[in-house]
Amino acid sequence: MITVDNLQDGEVLPHSLALLEGSIEIEDNSACENEIVVTNVTSEHNGNRTTTWPISEKRFKVLVHLELGHNALLLECGSSLSRRMSLCYEPPNTDRFVRLLYVVCEDDPDRGRFQGPPGSDPEEFTAQKATKRIELGARLVQTFTAECLAKRGLPRRTFRLQTDACQHFVLRSVSVTKARTMTERDLWCLVRDELVQDPLMNSDKDRCKFVAFLSFTRYRNPEAMQPVSHRAKLQLTEGYAALGGGRLAVLGTGCLHTWAEDVTHVVRRFTDNTRVDTVHLLDDSSYRGTYWACYSTTLGAMCHEMGHTFGLKHTDRGIMSRGFDQIHRAFVFEHNLPTADDGATCDDFRFTCNATSSETPSNLQMERLAPAKSFVVSFERNSLSKSEEILLPRVFKTVLTSPRSENASKNVIPSPVVWGEAFWDRVSSIELSR
């Protein structure tokens, strides 16, 4: 028997990449291979219509591309086990969205190529290959968000991607040489300023968050040192950033070569135990030193920095702490990894309100944080426009309208506010909590 534990037959999902977690029950193990084959019968994507996934200790995790609307799935294990189920994909019902950007300098002789292992085929690191990795990464984070909420007993909610496509964005005000000398904060400001000046990109400013990847990130180690600390590794890296806040998250591409380009590559990439050659490549793996760990840390960093753009601040644990290093656990089993790792779990996506009855919510603060680089933006009650006030949670609308009313002393959200409803709120009181 094939059992799917996390999804019900006919369930409606707000994301196009379904994660199926389940188990195989069979008396004769020889009758079932160590793989499960999944076919989306209704899919027009022939390349990913049928995919094969490993079974580990009779458990499986499967990623399936869904078409808009109804999808008929067939799960098969060997010749004796099969299971049919249906899922429905309906995008989030909101006009607010996340737009993916691949940032290239106008004078870049590499034409947007990102850095990869020396001796590899340079065609593997083209701008086109980069956008495929980024697009899949965003869909994985989208799925991860919904599944984490569901595991906590909350509705599956997630952000909406404008499209699955990652757009090229050309920087015209600085040379690639200059860009590689800039700090991550300066790079964030540079991308922000050019976005503001671009009529097309700025047309949806009230509805859009940007996630921008810098094509020109380069790790340079001419003296062939063996850097030990993360700080030492970043000192050898040009064009590096991992910074989010406001409408924009900016990330480097030093480890993009470790990312999966296709959904069928996800398990292989998340279990790739190749050691990072720190003479030639950036090791951004939270001191684990492998390709799979670089993938997990940098994909998790994408989720973390997006969280800042959604108004979330740092927490003691979870994605808004260092839990993002473990995002791989959502897609592969821990015992499948070639080496064990430790760290905080990253499966807690519950949101609560920090405000207490003793706090006066007439001056709400929003922290946009990065390590050792934080700044605070305050919203005075009387300075909120009607359009901004619409974005506030209902409890804050009540309190802001009547700060001295009886409601002001009962400033409590009756049930958890989840990301799918709250990530556009313009207040700092939404955070991840255990």
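Everything here concerns the structure above.
What comes next is a walk through the structure. Because the structure is a prediction, the values reported are computed rather than measured. (Residues numbered from 1 in each chain as written. Predicted model: local features only at pLDDT ≥ 70, side-chain atom pairs only at ≥ 80, totals over all residues. Heavy atoms only, no water.)

Turning to the overall build of the protein chain, a few remarks are in order. The helix and strand tally for the protein chain stands at 10 helices and 19 strands. Going through the 434 residues of the protein chain one by one, you find that 56% of them count as buried. Nonlocal contacts in the protein chain, meaning residues at least 24 apart in sequence, comprise 68% of its contacts between residues at least 6 apart. Approximately 19,400 Å² of the protein chain is accessible, and the part contributed by carbon and sulfur atoms is 46%. (Helix = DSSP H or I, 4+ residues; strand = E, 2+ residues; numbered from the N terminus. Buried < 20%, exposed > 50% of the residue type's maximum accessible area, 1.4 Å probe, protein only. Contact = heavy atoms within 4.5 Å. Areas by Shrake-Rupley, 256 points an atom, 1.4 Å probe, with all protein chains shown as cover.)

Residues other than glycine seldom take positive phi values, yet E57 does so here, at roughly 50 degrees. Despite not being glycine, R111 shows a phi value in the positive range, around 55 degrees. Here R111 shows up in the loop between β9 (97–105) and α1 (127–151). According to the relative accessible area criterion, R111 is exposed, its value standing at 73%.

Let us now look at the sheet that holds strand β7 (residues 69–77). What the eight strands build is an open sheet, ordered β1-β3-β6-β5-β4-β7-β8-β2; its pairing is mixed. Lying at the two open borders of the sheet, with one neighbouring strand each, are β1 (2–4) and β2 (11–13). Sheet twist, expressed as the mean angle between neighbouring strand axes with direction ignored, is 30 degrees. As judged from the nine bridges shared by β7 and strand β8 (residues 81–89), these two strands associate in the antiparallel manner. If you follow N71 over to β8, its bridge partner there is L87. (Pairing = 2+ DSSP bridges. Axes fitted to C-alpha atoms, helices over the stretch in contact; angles between N-to-C directions.)

Along its 14 residues, helix α3 (residues 184–197) runs 20 Å from first to last C-alpha, staying within 8% of the 20 Å computed at 1.5 Å per residue. Residues E184, L187, W188, L190, V191, E194 and L195 constitute the buried set of α3. What you see down the axis of α3 is that its buried residues fit within an arc of 160 degrees, all on one side. (Expected span 1.5 Å × (residues − 1). Arc of directions from axis to C-beta.)

The subject of this paragraph is the pattern of salt bridges. The tally for this structure, following the rule as stated, stands at 17 salt bridges. Between D110 and R218 there is a salt bridge, with the nearest N and O atoms lying 3.2 Å from each other. Note that D110 is positioned in the loop between β9 and α1 and R218 in strand β12 (residues 218–219), a separation of 108 residues in sequence. Owing to a relative accessible area of 7%, R218 belongs among the buried residues under this scheme. Two residues, R207 and D204, come together in a salt bridge whose shortest N-O distance is 2.5 Å. Of the residues examined, D204 reaches a relative accessible area of 15% and is grouped as buried. Salt bridges sharing common partners tie together E11, E147 and R156. (Salt bridge = Lys/Arg side-chain N within 4 Å of Asp/Glu carboxyl O.)

A separate point is the nonpolar core. Counting residues in each nonpolar core, the largest one holds 79 residues, and the members touching the most others are L20, L75 and M302. Here the element with the most residues in this core is α1; it accounts for nine residues. The contact partners of L20, leaving out residues within four places of it in the chain, are V4, N6, L7, F60, K61, V62, V64, L73, L75, M85 and L87. Counting 25 residues, the second-largest nonpolar core is a separate cluster that includes F97, V103, L243 and L248. (Core = buried A, V, L, I, M, F, W, Y, C linked by side-chain atoms within 4.5 Å.)

As a further point, take the sheet that holds strand β15 (residues 248–251). Strand order across the open sheet formed by five strands is β10-β9-β11-β15-β14, with mixed pairing between neighbours. Every interior strand has two partners, whereas the edge strands, β10 (167–171) and β14 (242–245), have only one. Neighbour-to-neighbour, the strand axes of the sheet open up by a mean angle of 25 degrees, direction not taken into account. Pairing geometry for β14 and β15, over four bridges, is antiparallel. The residue bridging G245 from the neighbouring strand is L248, located in β15.

Here the focus is α1. A rise of 1.5 Å per residue sets the reference length of α1, with its 25 residues, at 36 Å; its end C-alpha atoms lie 36 Å apart and thus fit the reference within 8%. Burial within α1 is extensive, with 20 of its 25 residues counted as buried. Immediately downstream of α1, the backbone of G153 shows phi near 80 degrees, a positive value.

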